[in-house]
Amino acid sequence: WALDSWLFGDGIGMTVVEGMEPVEVLAQMVPVPDHPLGPAHVVTQWAELAPARETRTVLISGEVHGWTVVFEENGYQAVQRGLIERLAARGRAATLYTNIHGWAQVELARDGVLLRRFSPGEPDVGDHGDALEIEQNLPLDRYPVPASVALIQQFTGCPFTEEELVKRDGRLAVGLCIRS
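Residues numbered from 1 in each chain as written. Predicted model: local features only at pLDDT ≥ 70, side-chain atom pairs only at ≥ 80, totals over all residues. Heavy atoms only, no water.

Chemist: Kindly report on a nonpolar patch on the surface, identifying the contributing residues and their values.
Modeler: Residues Val23, Leu37 and Leu172 make up a contiguous nonpolar surface patch of roughly 210 Å² in combined accessible area. Here Val23 shows up in helix α1 (residues 22–29). The class of Val23 is partly exposed, set by a relative accessible area of 39%. (Patch = residues over 30% accessible without salt bridge, like charges linked within 9 Å, V, L, I, M, F, W, Y side chains within 5 Å. Areas by Shrake-Rupley, 256 points an atom, 1.4 Å probe, with all protein chains shown as cover. Salt bridge = Lys/Arg side-chain N within 4 Å of Asp/Glu carboxyl O. Helix = DSSP H or I, 4+ residues; strand = E, 2+ residues; numbered from the N terminus. Buried < 20%, exposed > 50% of the residue type's maximum accessible area, 1.4 Å probe, protein only.)

Here it is as structure tokens:
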């Protein structure tokens, strides 16, 4: 599904975490939010009403197949240095960040240890760790983002769909003002 998805055009952050509740993950990602924890539709409305010179992002979190997923449009909270290790404290965690210029980053961690951080368009130019065996048959050089989604699904074992990733109903969120 990721090959034909509209999701990745404007840049996103997605995170999949084992062993932590959605509220815990959001608290790790944004310790001091500009909009406190609340229903996703309320926080999304807050972001949409931002003044012209202010950029706001929303991190929406929920449970999918026993895993916590976080989806963030137009934000980079998923790839803060040191975050993936904290999120993987009780198992596995994986993130994918893409921006509007086509750059992307994948991070994979298990039991609090960063295993791999790399840019999927250049999988051999890793920032941290050697390529994992599960990367070998994925077309990370030809289809960086869709192959990264497949990598995260294989690494975590969470078969999330596009609909499950972007769902807002019944989910919690926090809001953040992006400051440059």
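Having seen it, we continue.
Chemist: Pulling in residues and values, what's your account of the environment of Pro31?
Modeler: With respect to the helices, strands and loops of the structure, Pro31 is situated in the loop between α1 and β2 (35–39). Here Pro31 falls in the exposed class, since its relative accessible area comes to 64%. Each C-alpha atom of the pair Pro31 and Val174 lies 9.9 Å from the other, and the pair is 143 residues apart in sequence.

Chemist: Give me the nonpolar core: which residues, what numbers.
Modeler: The biggest cluster of nonpolar side chains holds 26 residues, and the ones touching the most others in it are Met14, Val16, Leu96, Leu108, Ile152 and Phe160. Within the residue set of this core, elements represented by two or more residues are β1 (12–17), β4 (67–73), β5 (92–98), β6 (104–110), α4 (144–156) and α5 (162–166). Considering every element that reaches this core, the biggest residue donor is α4, with six residues. With residues up to four places along the chain from it excluded, the contact list for Met14 reads Val70, Ala78, Ala94, Thr95, Leu96, Val149, Ile152, Phe160 and Leu165. (Core = buried A, V, L, I, M, F, W, Y, C linked by side-chain atoms within 4.5 Å. Contact = heavy atoms within 4.5 Å.)

Chemist: Residue-level account of the pairing of strand β7 (residues 113–118), with values.
Modeler: Looking at chain direction, β6 and β7 are connected through five bridges and run antiparallel. When the sheet's bridge partners are listed, Leu108 is paired in β7 with Arg116. Hairpin connection between β6 and β7: a loop of two residues separates the two successive antiparallel strands, and Asp111 in this loop has a positive phi of roughly 50 degrees. (Pairing = 2+ DSSP bridges.)

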